[in-house]
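Close look at the chain arrangement
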Amino acid sequence: MSLHPEEPAAVPALTARMARAAFPDGCLGMRIRDALGAVFDDDEFCDLFSRRGQSAYSPGRLAMVCVLQFVEGLSDRQAATAVRDRISWKYALGLELTDCGFDYSVLSEFRTRLIEGGAQRRIFDLVLAAARSHGLLGAAHSARTDSTHVLGAVRTLNRLELVAETLRAALNAMAVTAAGWLGSWMPPEWADRYGRRIENFRLPQSEPERAAYAVQVGQDGCALLARLDACDAPSPLGQIQAVHTLRAVWSQQYEMTGGTPRWRGPSELPASAERIASPYDTECRYAIKRSMSWVGYKTHLTEQCDAHEPHMIVDVETTDAATSDQTVVETVHDRLARHGLLPTEHFVDTGYMAAETLIGEARDHEVHLVGPMPPDTSWQAKANEGFDVSHFTIDWQRRTASCPRGVTSCNWREQLDNRGHRVIRIRFPDQPCAACEARAKCTRRISEPRDIVVRPQQQHEALQQRRHEQDDASWQRHYGTRAGVEGTISQAVRGGPDIRHARYRGLLKAQLQHLLTGAALNLIRLDAWLTDTPLAKTRTSPLATLTAAT
């Protein structure tokens with residue numbers, strides 16, 4: 001399709017008159033149009049269209065439809081219908097009352113163009129640019145970030161369901177592409193075994209039977225892959241995504257020993273960050289956070305939180321569910337710096353905090369991260385009566401440490417921990433440790449002396465200083481600013497957008513969904529700011545209110 005960009009037209013007179021009659025006080029779409037203008041120009045999307053072909057529907061209007069769609073949580077069909085029959089939408093889009101709109105499939109095609117053109121962030125960024133050009137957004141002193149889980153648009157499968165469903169998906173895809181070739185050799189029992197959706201209640205229930213079933217599925221998958229690798233296999237089959245997924249899942253779940261697939265034990269599986277969780281969305285990952293587990297993604301919302309400015313969402317980042325929050329901070333700050341929206345203070349929770357991150361962001365971006373450090377998980381710290389790392393005095397110049405009883409260490413060794421981080425292992429001498437009266441508070445080892453593991457000097461000192469600061473009541477009151485982002489997550493979950501359920505499959509599509517959600521929330525917040533709607537107060541239970549009063 002080709003694009004012939006047009007300048008955004010003024011709202012037609014008849015549309016404006018009818019809209020004012022229907023909404024004397026205005027509504028969100030009308031107020032945004034009045035305050036920000038058209039927001040999106042066709043020129044912003046020229047690179048996504050060719051110069052030849054059928055004329056495309058205005059991408060500037062489609063972008064606004066996408067945002068309004070997420071304001072109300074509408075499907076594509078409902079959004080296309082709203083363009084035709086809602087006066088307020090026609091006002092926001094600058095359409096005549098007689099405009100018949102477009103087919104709902106155009107919205108899906110437009111989103112595909114955004115993804116294929118690497119322009120997922122464009123709509124979100126253009127909303128921020130429009131707010132900025134009208135004096136409603138500037139560099140803020142404070143920002144806050146939090147993440148929430150996102151359920152993928154797939155079923156949660158156990159390992160047996162996963163391998164069988166993966167093989168079933170590959171067979172179904174090949175039955176469409178090369179039905180004659182597949183039917184010429186496929187064993188007849190496969191039709192019964194993989195002909196319908198694989199569900200756990202239909203699988204064998206005893207452990208020996210389940211183990212045998214896993215081996216059987218593994219052998220069937222290997223037989224199929226061997227056929228695909230044979231010289232008579234149709235070449236198009238090698239390009240099927242389901243076949244690539246089959247190979248990947250088999251390499252993760254099985255080990256070939258003497259030409260026979262062996263079902264891997266739980267400890268032999270790849271890390272969850274690498275392991276495919278569904279054949280229908282290979283970018284979904286399994287994750288656990290406290291008492292909750294899910295398969296899907298994770299999204300991070302960053303908002304400005306200065307008291308006298310609109311609390312605009314200035315960044316949205318989507319990752320797979322297994323990605324650590326700590327890895328997101330630098331990415332978010334890099335993007336905010338490019339847009340001139342970098343805060344001086346950034347409030348986050350413990351999941352984002354690490355000594356390296358605290359030091360690195362202060363050095364690279366001059367951003368002060370405010371958040372509690374992960375606690376010391378040693379038994380000494382948990383008991384609150386033993387000698388944890390904070391009780392030891394470290395001489396970094398002499399590369400020694402002294403314990404609370406004054407004994408000096410005898411060994412200093414730099415190494416990497418199991419996550420690849422640089423650490424220092426400090427060991428104390430045998431004889432003084434064995435004879436120490438306070439040994440029970442220091443170590444539970446029967447005969448070996450105490451050793452401690454610390455980070456390099458700058459990280460260790462930053463970690464200990466922050467842990468000391470966060471026990472202070474004034475620091476905790478200041479950190480209370482972060483609590484407001486919980487309301488943002490609630491608004492994104494309980495409002496129209498429903499950010500916790502992926503509408504589409506694939507990381508890029510989920511990312512686009514969340515960016516459109518962020519743009520929609522920004523329009524809602526701008527509208528609230530323009531109408532002087534006060535922020536909702538934090539809900540407090542009657543019992544908590546009574547306790548605070550006393």
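Residues numbered from 1 in each chain as written. Predicted model: local features only at pLDDT ≥ 70, side-chain atom pairs only at ≥ 80, totals over all residues. Heavy atoms only, no water.

**So, the overall build of the protein chain**
Looking only at helices and strands, the protein chain has 22 helices and 13 strands in total. Taken over the C-alpha atoms alone, the protein chain extends approximately 95 × 70 × 50 Å along its principal axes. Sequence separation of at least 24 residues holds for 68% of the intrachain contacts in the protein chain that already meet a minimum separation of 6. As displayed, the protein chain offers around 27600 Å² of accessible surface, 50% of which is attributable to carbon and sulfur atoms. Of note, the protein chain has its 64 positive side-chain charges centred 4 Å away from the centre of its 67 negative side-chain charges. (Helix = DSSP H or I, 4+ residues; strand = E, 2+ residues; numbered from the N terminus. Contact = heavy atoms within 4.5 Å. Areas by Shrake-Rupley, 256 points an atom, 1.4 Å probe, with all protein chains shown as cover. Lys, Arg positive; Asp, Glu negative; His and termini not counted. Charge placed at Lys NZ, Arg CZ, Asp CG, Glu CD.)

**Remarks on the nonpolar core**
Grouped together as the largest cluster of nonpolar side chains are 65 residues, with contacts concentrated most on F40, F45 and I123. No other element matches the nine residues that helix 3 (residues 59–72) contributes to this core. Residues within four places of F45 in sequence aside, it is in contact with L3, F40, P59, G60, A63, F110, L114, R122, I123 and L126. Residues L157, L237, L246 and W250 belong to the second largest nonpolar core, which totals 34 residues. (Core = buried A, V, L, I, M, F, W, Y, C linked by side-chain atoms within 4.5 Å. Buried < 20%, exposed > 50% of the residue type's maximum accessible area, 1.4 Å probe, protein only.)

**Quick word on the sheet that holds strand 13 (residues 451–454)**
Here we have three strands laid out as an open sheet, ordered 11-12-13, and antiparallel in their pairing. The sheet terminates laterally at strand 11 (411–416) and strand 13, the two strands that pair on one side only. Mean inter-strand twist for the sheet, computed between neighbouring axes without regard to direction, equals 25°. Summarising the sheet, strand 11 and strand 12 (residues 422–427) pair through six bridges and their orientation is antiparallel. Residue pairing across strands places R413 opposite R425, the latter belonging to strand 12. (Pairing = 2+ DSSP bridges. Axes fitted to C-alpha atoms, helices over the stretch in contact; angles between N-to-C directions.)

**A look at the pattern of salt bridges**
When the charged atoms of two side chains with opposite charge come close together, those side chains can pair. For the structure shown, the criterion picks out 29 salt bridges. Residues D146 and R482 are paired through a salt bridge, measuring 3.5 Å at the closest nitrogen-oxygen approach. With D146 in strand 1 (residues 142–151) and R482 in the loop between helix 19 (473–479) and helix 20 (484–494), this pair connects stretches of sequence that are 336 residues apart. You can call R482 buried: its relative accessible area is 10%. A salt bridge links E317 to R335; its shortest N-O distance comes to 2.6 Å. Placement of E317 in strand 6 (residues 313–320) and of R335 in helix 13 (residues 328–338) is noted, with a sequence separation of 18 residues between them. Judged on exposure class, the residue E317 and its partner R335 are both buried. (Salt bridge = Lys/Arg side-chain N within 4 Å of Asp/Glu carboxyl O.)

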